[in-house]
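What follows is the residue order along each chain.
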Amino acid sequence: MTRRWYSTNTLPLDNQKVYYFSKNLGMFRGRYYYDPETVGNPNKFHSDYGIVDSDDISHWMPYVREEKNKIPLPPDYETDFIELDNNQQTFTFSYTTTAGDLIP
């Protein structure tokens, strides 16, 4: 399955689990729902972080549990690029525990 972002010109199914992206707010996993009794835009995206309407969202993508780790960046996602030498592009981490870190 090819993962792709959809603009809010096309909306998800009511109560569909989705990822949604706002350039000003970030990316969230939640649900879409249509609320005809609301004042203003009835197209809502809801997550643990709150409710926003489709005017605040630029893109959404269906949530597929089996592919939750394969999320492409949204089309309008911006980042600063930093050039690194080849020897600085990999990281190695070592973890150690001390007696004080152990839980009895």
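Now for a description of the structure that goes with this document. Note that this is a predicted model, so its numbers are computed, not measured.

Here is what the cut-offs are and how they apply
Residues numbered from 1 in each chain as written. Predicted model: local features only at pLDDT ≥ 70, side-chain atom pairs only at ≥ 80, totals over all residues. Heavy atoms only, no water. Helix = DSSP H or I, 4+ residues; strand = E, 2+ residues; numbered from the N terminus. Buried < 20%, exposed > 50% of the residue type's maximum accessible area, 1.4 Å probe, protein only. Contact = heavy atoms within 4.5 Å. Areas by Shrake-Rupley, 256 points an atom, 1.4 Å probe, with all protein chains shown as cover. Patch = residues over 30% accessible without salt bridge, like charges linked within 9 Å, V, L, I, M, F, W, Y side chains within 5 Å. Salt bridge = Lys/Arg side-chain N within 4 Å of Asp/Glu carboxyl O. Lys, Arg positive; Asp, Glu negative; His and termini not counted. Charge placed at Lys NZ, Arg CZ, Asp CG, Glu CD. Pairing = 2+ DSSP bridges. Phe/Tyr/Trp six-rings, centres within 6.5 Å; stacked < 30°, edge-to-face > 60°. Core = buried A, V, L, I, M, F, W, Y, C linked by side-chain atoms within 4.5 Å.

### Concerning the overall build of the protein
Per the secondary structure count, the protein includes 0 helices and 6 strands. Its helices and strands in sequence order give the protein the pattern β-β-β-β-β-β, from N to C terminus. The buried share among the 104 residues of the protein stands at 28%. Long-range pairs, those at least 24 residues apart, make up 50% of the contacts in the protein with a sequence separation of at least 6. Taken as a whole, the protein presents about 8500 Å² of accessible surface, with 48% of it coming from carbon and sulfur.

### Focus on a positive patch on the surface
Together, K17, R29, R31, R65 and K68 make up a positively charged patch on the protein surface. On the secondary structure map, K68 appears in the segment after β6 (59–62).

### Digging into the sheet that holds strand β3 (residues 26–34)
The sheet built from 6 strands is open, its strands ordered β1-β6-β2-β3-β4-β5 with antiparallel pairing. Two strands close off the open sheet at either side, each with one partner strand: β1 (6–7) and β5 (50–53). Bridge count between β1 and β6: 2 bridges; the pairing is antiparallel. Following the sheet pairing, Y6 is matched in β6 by W60.

### Quick look at the side chain of K44
Residue placement: K44 occurs in strand β4 (residues 43–47). Despite being buried, K44 has no salt bridge partner; D53 is the closest side chain of opposite charge, sitting 4.1 Å away. Residues in contact with K44, not counting those within four places in the same chain, are R31, Y32, Y33, D35, T38, I51, V52 and D53.

### Examining the packing of aromatic side chains
For the structure shown, the criterion picks out 6 aromatic pairs. Linked through ring pairs, Y20, F28, Y32, F45 and Y49 together constitute an aromatic cluster.

### Some details on the environment of L13
On the secondary structure map, L13 appears in the loop between β1 and β2 (17–22). The spacing of L13 and P62 is 49 residues in sequence and 9.5 Å in space, taken between C-alpha atoms.

### Here we look at the nonpolar core
Core analysis: the biggest nonpolar cluster contains 8 residues, these being V18, Y20, F28, Y32, F45, V52, I57 and W60. Of all the secondary-structure elements, those providing two or more residues to this core are β2 and β3. In this structure, W5, Y19, F21 and M61 belong to the second largest nonpolar core, which totals 5 residues.

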